[in-house]
Amino acid sequence: MTALPSTEKFARIYRTLLVADVQRDLAHISVSKTFPEEEDLAYALSVATRLALSGSGDTRENAYAGRQAYEIAIRSLNFANGSAPCIREIASLILSRIGNFPALSLLHNQADSTHGTAEPFLQLEVLARQFENRLHGAGSNTVLTDFQVRLIHALENKTAVSVSAPTSAGKSFTLEIELLRRLKHDASYVAVFLVPTRALIRQVTFDLVRILREEDLSVSVLSAPTVSENISDTQKLIYILTQERLASLLENSEGQLRIDAIMVDEAHEIGETSRGQTLERAISVALSRFPAIRLFFSSPLRSNPGFLLKLFNRGGDSEDFIEHLSPVSQNVVNIHPIKGKGNTTRARLELVIEKEAVSLGTIEMPFAFRGSYIGKIAHFFTKPGDTSIIYCNGASAADKTASEISEAILEQEVDPELFDLAKFLRQEVHPQYRLASLVLKGVAFHYGNIPQIIRGRLEELLQERKIRFVCCTSTLLQGVNLPAKNIFVEDPKKGIGFPMQKGDFWNLVGRAGRLSREFHGNVFCVFGKKWDNDVISDKLVAIESAYEVATRVRTRELLQVAKVPPESSESKEFGWAEQTYSRIYADFVSSGKRLADSPDPKDEFAQIDSVSAAFRKTLPTDVFTRNYYVHPTRLESLADFFRAQSDIKVWFPIYPWVPRRSYPRLLSIFAVIEDQLIRSGNQAYEYYAFLATMWMKGSSLKELVQNKIERAKTNGDVDKINVAIRDLFKDIESELRYKYVKYTRLYLDVLRSVLLERDMKSEADALLPIHLFLEYGAASQTLISLMSIGLSRTSALLFKSYLSMSNELSSSECQGYIDRVTLDRSSLPALCQAEIRKLRRGKP
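Quick summary incoming for the structure in this document. (Residues numbered from 1 in each chain as written. Predicted model: local features only at pLDDT ≥ 70, side-chain atom pairs only at ≥ 80, totals over all residues. Heavy atoms only, no water.)

**Some remarks on the pairing of strand 15 (residues 486–489)**
- Every second residue of strand 15 is oriented toward a common face, with N486 and F488 on one face and I487 and V489 on the other, all of them buried.
- Two elements, strand 12 (residues 388–391) and strand 15, share 3 bridges in a ladder whose sense is parallel. Note on strand 15: the bridge partner recorded for S388 is N486.
- For strand 15 and strand 16 (residues 520–526), the ladder comprises 4 bridges, and the chain directions are parallel. The residue bridging I487 from the neighbouring strand is V523, located in strand 16. (Buried < 20%, exposed > 50% of the residue type's maximum accessible area, 1.4 Å probe, protein only. Helix = DSSP H or I, 4+ residues; strand = E, 2+ residues; numbered from the N terminus. Pairing = 2+ DSSP bridges.)

This is the structure:
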């Protein structure tokens, strides 16, 4: 059934209703409000019941009909005695027809129980639709949306599925249902859940452990790139990994690993210049080893989800589709300062209805539009009890904006959970860490470099509405589950200096409004200055492969880098090209694959193939296939360095706690990495070697912060102390846990090959995995095991110390400690106890 054409009368009523409802919701607007008449509402509801019959999300046209029906149903409740039983029952009918059962449940929860009985014929249709979408075997209260039902059927019946859907469509919940079904019914099942950043690992781990506990399933959930002990044909296991960790798992598990399914969250990130190439390569390697893998790709609204299936040659038993209809809608409100004499305090507001900006009226602000004002706008428009996200173009801006909001909030009674978090921050980070004072007022900043335990707790408290304002950076775009009633943005960037694209903007916008809690969210677009990009006009953009863009669009630059690599492997200008050619060469030496043999070859492809053929390699092929992010000449240069050493053992890594030797040895290793690979031209590696030694040795966050503050010579200045803390977090996450993890893995790989050349196999086998120590901030197997099953580093350190655990415990042994420990009288901080309870496989 196709959507009904909107009559001029209906279009007028629809527009009037949306404007009136948003005006009603927003305080302080200076305008004579026009409310829809009762007879107009009756007509609109009548049309909406028919629109809802064709209001599925399978096409843009049907989704538009469904969205109009949804808006009429929900917003009519606020006018003309809309809370009356008859209006509420018509709204229920409309919501059931478009399959929006989360909104229907919210509507029923808000209903007054004195309204009496429903119209039986309307109630019968609603009950029938609920029965069709009920998830049988998962409790009588679980009713899926139409999109979720379609996705469940696809996952059950196809070996490869790729979907694109709005942020709040329920993709993750549906995937969890599929995981549970497989774990219950398959004799063995090993799944890899891929997330784009480490920031998401904690959230997904806790969600899956909770669900497995509720279903009484004893299944291991691991986030370390190591093969689980006691692997067998009957094993059931879920890995939660980043693309880099999947690559590491595949490299180090030949003959030991089995993978039955890979589920890729935020799959559109395959278009990211660097990490997107790593994602594509890791999936390709997994498919070559396990051809029967089931593949699932999930992306926020994109126009071509089927592209991913074609990219990995999964066009046979597969399905792809786009869901256009979101179960939560957003009011996109533009704020334009009204220019005049002096410092203006007035603004005009517009509501974006489809692509048209409709006037909402003017507003008088209690502040002027000068300097930094987005935090003031957020505080002004956020109602008591509501939560708001303020999007900031960098960590420093997030810190500053959060402080400005805090200053506008009067002192209030502090929630015990906020007090516990503030106490933890002062004890475990620093007494003058600004976030501690902010959270006491329900304000926070949030970005990817903040330690896992802190960032995760902020997300939980926002969901509980105890933190009401969170100032975020682009980490939010990479799948972090951080919904709120309001989102505020001004000229948004994805990273400092990079304008946000349309797909990212609508991914951000989709987090306004919390599913099953609110019918609408608000997105405030502040136009105090001109935006670099038009990101509002169209929601659907295409998924693309960063590797394909590099080879087909930027071929000439790629050819030059193939011939002569840039000075540094970390080149901001040509890093993408080095990584691309490294993969091309790895494919060439491992399988003979040539660019010129690809469909629609270009003249430069043959020249790039000639460069590969002429290159004289001495290292084993697998060194190049595992290290596909640096130019092959750099690998050979590093090998030549090792071959020239008379005493190669002085280049072996040692444990970080070895007195007087650990730092000098790591300094030497980092110096080689600097000279052979990074070539930054400065001595920063000396500091990173010192920090890495402390980090791997298991120094607490407090100790690391204190050292950084002393090195920064802050002299007690609170602002300088907080800058030092922020810089430390960046040093750890961006430098140690990403850059140096990558290069120490490469260093060990080349060193191992040269040792094998010298018949030093026992020494090669005994090389310490310092890349693993760097990633986890620990050189103890027990600590790594604790973190691999979901504990943050801070909790793992305190938990191991509290129980005096030995250093060589496996993940299953550590899980036993977590399941058995008595926490009620422990000295562990409340945040750590909460993490432990969430990871228990018995009662939390």
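**What about the packing of aromatic side chains?**
- Inspection of the entire model under this criterion finds 29 aromatic pairs.
- With a centroid separation of 6.0 Å and an interplanar angle of 25°, the aromatic rings of Y655 and F773 are classed as stacked. Placement of the pair is Y655 in the loop between helix 24 (632–643) and helix 25 (662–678) and F773 in helix 30 (residues 770–776), with a sequence separation of 118 residues.
- Here F773 falls in the buried class, since its relative accessible area comes to 5%.
- Above the plane of the ring of F321 lies R150, whose end atom (NZ or CZ) is 3.9 Å from the centre.
- The side chain of R820 reaches across the aromatic face of Y817, ending 5.5 Å from its centre. (Phe/Tyr/Trp six-rings, centres within 6.5 Å; stacked < 30°, edge-to-face > 60°. Lys NZ or Arg CZ within 6 Å of the ring centre and 35° of its normal.)

**What about empty space enclosed by the protein?**
- Tallied over the full model, the rule gives 9 cavities of 30 Å³ or more.
- When its volume is computed, the largest cavity comes out at roughly 120 Å³.
- Forming the boundary of the largest cavity are 14 residues, of which I98, G99, T145, E323 and L325 lie nearest the centre.
- Looking at side-chain class alone, the lining of the largest cavity contains 5 nonpolar, 7 polar and 2 charged residues.
- Here the second largest cavity defines a volume of roughly 90 Å³.
- What lines the second largest cavity is a set of 13 residues, among which L155, E178, R294, L295 and F296 lie closest to the centre.
- For the lining of the second largest cavity, the secondary-structure elements that each account for two or more residues are strand 2 (160–164), helix 8 (171–185), strand 6 (261–264) and strand 7 (294–299).
- For the lining of the second largest cavity, the element with the most residues is strand 7, which contributes 3 residues.
- The class makeup of the residues in the lining of the second largest cavity is 9 nonpolar, 1 polar and 3 charged. (1 Å grid on protein atoms, 1.4 Å probe; cavity = no way out; pocket = protein on both sides within 12 Å on 5 of 7 lines; lining within 4 Å. Points joined across faces, edges and corners; volume = space filled by probe spheres on them. Nonpolar A, V, L, I, M, F, W, Y, C, P; charged D, E, K, R; others polar.)

**Digging into the nonpolar core**
- If you look at the biggest cluster of nonpolar residues, it comprises 283 residues, and the most contacted ones within it are F381 and F670.
- Counting residues per element, this core draws most heavily on helix 28 (residues 718–757), which supplies 17 residues.
- Counting residues in each nonpolar core, the second largest holds 5 residues, with L135, L144, I152 and I177 among its members. (Core = buried A, V, L, I, M, F, W, Y, C linked by side-chain atoms within 4.5 Å.)

**Structural notes on the environment of S811**
- Structurally, the position occupied by S811 is in helix 33 (residues 811–820).
- For S811, a relative accessible area of 10% translates into the label buried.
- Remark: the alpha-carbon pair of S811 and S788, spanning 23 residues in sequence, is separated by 7.1 Å.

**Looking at the packing of helix 26 (residues 684–697) against helix 28**
- Two elements in contact, helix 26 and helix 28, have axes whose closest approach is 11 Å; the angle formed by their N-to-C orientations is 90°. The orientation of helix 26 with respect to helix 28, classified from their angle, is roughly perpendicular. The residues of helix 28 that touch helix 26, namely those facing Y685, Y687, Y688, L691, A692 and W695, are L728, D731, I732, E735, L736, R737 and Y740.
- When grouped by side-chain class, the residues that make up the contact of helix 26 with helix 28 number 10 nonpolar, no polar and 3 charged. (Axes fitted to C-alpha atoms, helices over the stretch in contact; angles between N-to-C directions. Parallel < 35°, antiparallel > 145°, perpendicular 65-115°, else oblique. Contact = heavy atoms within 4.5 Å.)

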